[in-house]
Structure formats: structure tokens, C-alpha cells
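Structural characterization, general
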Amino acid sequence: MATDLTAPRTTARPDVASIQRRTLWLLFTTQIIGGIGVTIGIAVGALLAARIAGTAMAGVAQSAGVVGAALLAVPVTRIMARSGRRPGLVVAYAVGAAGGVLVVLAAVTRWVPMLLLGMLLFGGGTAANLQARYTAVDLAEPARRGRQLSLIVWATTIGAVAAPNFAALADRVTTGWGLPALAGPFAFSSVAFVLAAVVLLGLLRPDPLLTARRLVAADAPAVGGPVGGAPAAAPVGVRAPRGAGMRAAWSVVRGRPAARLGIAAVAVGHLVMVAVMAMTPVRLGESYADADVLRLVGIVLSLHIAGMYAFSPVVGWLTDRLGRRAVILGGVGLLLAACAVAGTAGHHTPRLSVGLVLLGLGWSGTMVAGSTLLSESVPAGVRPSVQGLSDLIMGLAGAGAAVVSGFVMQFASYPVLTLLAAVAVVPLVALALRPVPTGAPDEEG
């Protein structure tokens, strides 16, 4: 780390394009591996919790995973701000692997507190997957940020679309080893997280965030200079400033309307997606026997995850071409359509599947465009902390939605749940329609 942050300015400028290509390919590979681990857990988590503790607790268990991803974003981004992206991503995957092991033990012992703790830590895999998208834009050219961020989001498709269908296979294999039903997929998830962590630890060199800071420091004399006889200001983001935690991040976001819109788009899109998606397996369980539920959940969630990730390169291209706010508004429209289709599907599984695909597409629009807008709207020195704040807010919003969704399903119905999710989108429309500066203030300065 000392070499990256304190290298003298006479050091030869690194080949940024080569480093970025290497970083993107490495992140692409680990997103596939991590996506398998995360999605297998999502596919069976609610069903396992419902078997152990009841339907209402299914939402609580799902929310524990979301809360875990949100809370882990704080220490993970603090590690990144201090030491770079590599150690932060490795720690997040390691915590996710430990969580998967605890979920397996909870299934064996049927101990609910251990299940909730395991799901909380399992969120580390999600935290790593989410932070990888920001890692992709540390060295990206401004005109290509949306596309390169979306490439990493899209990489998850390859593992995530197939993962729910592997859940049944993993379950059959591990029940032969004596594990309870639905526990085996979490064992497979832990192995995937460990593999992703090992690959990143060994190969994510040089660290893209530390390299970006080094370039800021090297370029400072060219962009700085005295103005009106006054000395040039120190370059923003050469190194992570002391106290660049959540409080400093919130201070920066409050003064930047574009950053606020970026966080709101990511959080609201995730809230709606989690609320509807988390209870869809339970909805299917109301209509089909146990022998068919896992197969149908695998098909429906595969289509949903394809909507989330498969078209993200197109979403990224549109984000760069049409602008961040336009794509955010398009994502909002898709989320509203998804709630209408899924909520009126009844027990018609093909129509429900269409609703879940639209839900994934809407999430992709708000996630890619919101993340890109946020990343380019804050100074480099506090960027990891602001990104961590965004993931924290996003995770807490999703966690609240997951908790509420379980109780809405138990005491009302799935159509009521989709109606409430649609209402939650409305404030984002007003915020997105307000004119805001979309450029990066630190670059404009």
C-alpha cells in the first residue's frame, strides 16, 4: 500500500488501459463464481427458514442476509478506503463463506438464532458482489463508466441464472451425505465464496483504487497551479482523508443533488425488487407440492435473475448514451409494470414469471444508472465511503422490505404486497424529474 500511495512523481505512469482490462476480466470471473454462491442461497433461503421457523420468519431470514450485506458494507469500504479494493473484497467473501457454514449447522440443529446469524454473515457474499461494480470504474474513462460498471453486473448472470437450478442438485448430493434438506446449497455457496476470495487475493494486482489515487497525485501539477497568485489547492482524493467514514460521506452526499438521486435510485429499486422477489418462492409454494416447488422456483428465479443481469450491458450503454436520469426513469417504469403483472397473475406461473423478468429489468436500470451517477458525483477521496453508504442504505431498505413482505404475505396477500411495492416507487419519480447537475464536481473543479 505504501508503494501505491507514496510513490514519487518521477515514477513512470502505469499503463492504465492494460490495468483496467486485467481488472475487468478478473472481476468478471469472480462475479461468476460469487454469483453462483449468492444466488443458490437466495433460491432456498426463504424455504429453509419457513421449514425451520414458519412463513413469517422466512421474511426475517431473508432480511438478515440483506442486513448483513448492508452492515458489512461499512467495514468493507473502510478497509478499501485505507488499503484498497483487494483486501476489502477478500474479507467480504470470507465472511460470506463463514455465514454459509453457520446456516448448514443451523439446519442440522434447527436452531433459529444460528440460522439468523448465518444469514447475516452470508450477506458478505452479496456485499462483495456489489462492491465489485464500483471497483470496475476506479480506472474507467468517463465516457465508458456506465458500460464497464454494467459489464461486471452482467457477469453475475452466467453464474446466477444457472445457480437456482443447481440448488436441487446440491440438495440431492448433500442429503446423501446426511445433511438435512435445503442445507446443502449453502455448503456449495461457501466453497464458491472461498474460491472467489483466493482468486482476488492472488491476482487483483495492482489494486485499481490505489492506482487511481496515485494517478490523481501524479496529475496534480498539471491540473492545479496558482490562481490569482494563490497557491493551488491540494488535489482531492490523493489519499483517503482521516475521518472519511459514514459521517463524512453523508456530509458530501447532502450537498450534491446528483449523489442523492444516485443513492435513492439504487435504494428504491432494490427495495421493490427484494419485497416482491423474496416472497415469490412462498407464493409458488402455495400452489405446488414440495416435489415441484424447487424446480419451479429455480425456473422463475432464473428468469428473474436474467432480467436483473443479462441485459445490463445494454442498460450501461443506454446510461452512457441517454444519460443517467433517463435510464433511472425507465427503470422506475419497468418496476411499476412488474408489480402490476405479478400482482394480477394469480396462480398463473408463466404470467408471474413475466412479472419477475420485468422486476429484474427495472432493478437493472436503477442499479446501473444510479451507481454510475453516484460514483461520478463525489470526490475521489471519499468515494469508497460514499459507495459504502449507498450500499448500507440500499441494504437496509431491502431488509425492511423483506421483513414486511413476510408479514404481508401471512396476514394479507401477494397482490397486496405488489401494490405496496408499487407505491414505494412514486417518490423516486419526483426526485428523478428534478433538474440536477450530472457532472462529477471533483472533475469539474
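Up top is the structure.
Here we summarise the structure given alongside this text. (Residues numbered from 1 in each chain as written. Predicted model: local features only at pLDDT ≥ 70, side-chain atom pairs only at ≥ 80, totals over all residues. Heavy atoms only, no water.)

Side note on the overall build of the protein
Helix and strand counts for the protein stand at 17 helices and zero strands. Burial status across the protein gives 57% buried among its 445 residues. Counting contacts in the protein only where the partners sit at least 6 residues apart, residues at least 24 apart contribute 85% of the total. Roughly 17100 Å² of accessible area belongs to the protein as shown, and the carbon and sulfur atoms make up 68% of that amount. (Helix = DSSP H or I, 4+ residues; strand = E, 2+ residues; numbered from the N terminus. Buried < 20%, exposed > 50% of the residue type's maximum accessible area, 1.4 Å probe, protein only. Contact = heavy atoms within 4.5 Å. Areas by Shrake-Rupley, 256 points an atom, 1.4 Å probe, with all protein chains shown as cover.)

Focus: unusual backbone geometry
Here the residue pair Arg-205 and Pro-206 is connected by a cis peptide bond, since its omega of -5° sits within 30 degrees of zero. Turning to its location among the elements, Pro-206 is positioned in the loop between helix H7 (184–203) and helix H8 (208–223). Phi at Arg-110 takes a positive value of approximately 55°, unusual for a residue other than glycine. Within the element layout of this structure, Arg-110 appears in the loop between helix H4 (85–109) and helix H5 (112–135).

Considering the packing of aromatic side chains
Considering all chains together, one arrives at seven aromatic pairs under this definition. Between Tyr-309 and Trp-363 the ring centres are 5.5 Å apart and the planes differ by 80°, which places this aromatic pair in the edge-to-face class. Separated by 54 residues along the polypeptide, Tyr-309 in helix H11 (residues 290–309) and Trp-363 in helix H14 (residues 349–375) bring together distant segments of the chain. You can call Tyr-309 buried: its relative accessible area is 15%. Relative to Phe-411, the ring of Phe-407 lies with its centre 6.4 Å away and its plane at 5°, an arrangement referred to as stacked. Of the two residues, Phe-407 and Phe-411 are both situated in helix H15 (residues 383–411); the distance of four residues between them amounts to about one turn of the helix. By relative accessible area, Phe-407 is classed as partly exposed at 38%. An aromatic cluster is present here, built from Tyr-93, Phe-122, Phe-186 and Phe-193 joined pairwise through their rings. (Phe/Tyr/Trp six-rings, centres within 6.5 Å; stacked < 30°, edge-to-face > 60°.)

Digging into the side chain of Asp-207
With respect to the secondary-structure elements, Asp-207 resides in the loop between H7 and H8. One polar contact links the side chain of Asp-207 to the main-chain amide nitrogen of Leu-209, over a distance of 3.1 Å. A polar side-chain atom of Asp-207 sits 3.4 Å from the main-chain amide nitrogen of Leu-210. Excluding its chain neighbours within four sequence positions, the residues that come into contact with Asp-207 are Ser-83, Gly-84, Arg-85, Arg-86 and Pro-87. (Polar contact = N/O pair within 3.5 Å; in protein donor to acceptor, adjacent residues only side chain to side chain.)

Some remarks on the pattern of salt bridges
Counting across every chain of the model gives six salt bridges. Residue Arg-324 pairs with Glu-376 through a salt bridge whose shortest N-O separation is 2.8 Å. Of the two residues, Arg-324 is situated in helix H13 (residues 324–343) and Glu-376 in the loop between H14 and H15; the sequence distance between them amounts to 52 residues. Here Arg-324 matches Glu-376 in class, with each residue buried. Three or more residues joined by partner-sharing salt bridges are found here, namely Arg-145, Arg-147, Asp-320, Arg-324 and Glu-376. (Salt bridge = Lys/Arg side-chain N within 4 Å of Asp/Glu carboxyl O.)

A closer look at a nonpolar patch on the surface
A surface patch of nonpolar side chains, about 510 Å² in accessible area, is lined by Phe-166, Leu-169, Val-173, Trp-177 and Phe-188. Of the residues forming the nonpolar patch, the biggest block, three residues, is contributed by helix H6 (residues 145–175). For Trp-177, the position within the fold is in the loop between H6 and H7. (Patch = residues over 30% accessible without salt bridge, like charges linked within 9 Å, V, L, I, M, F, W, Y side chains within 5 Å.)

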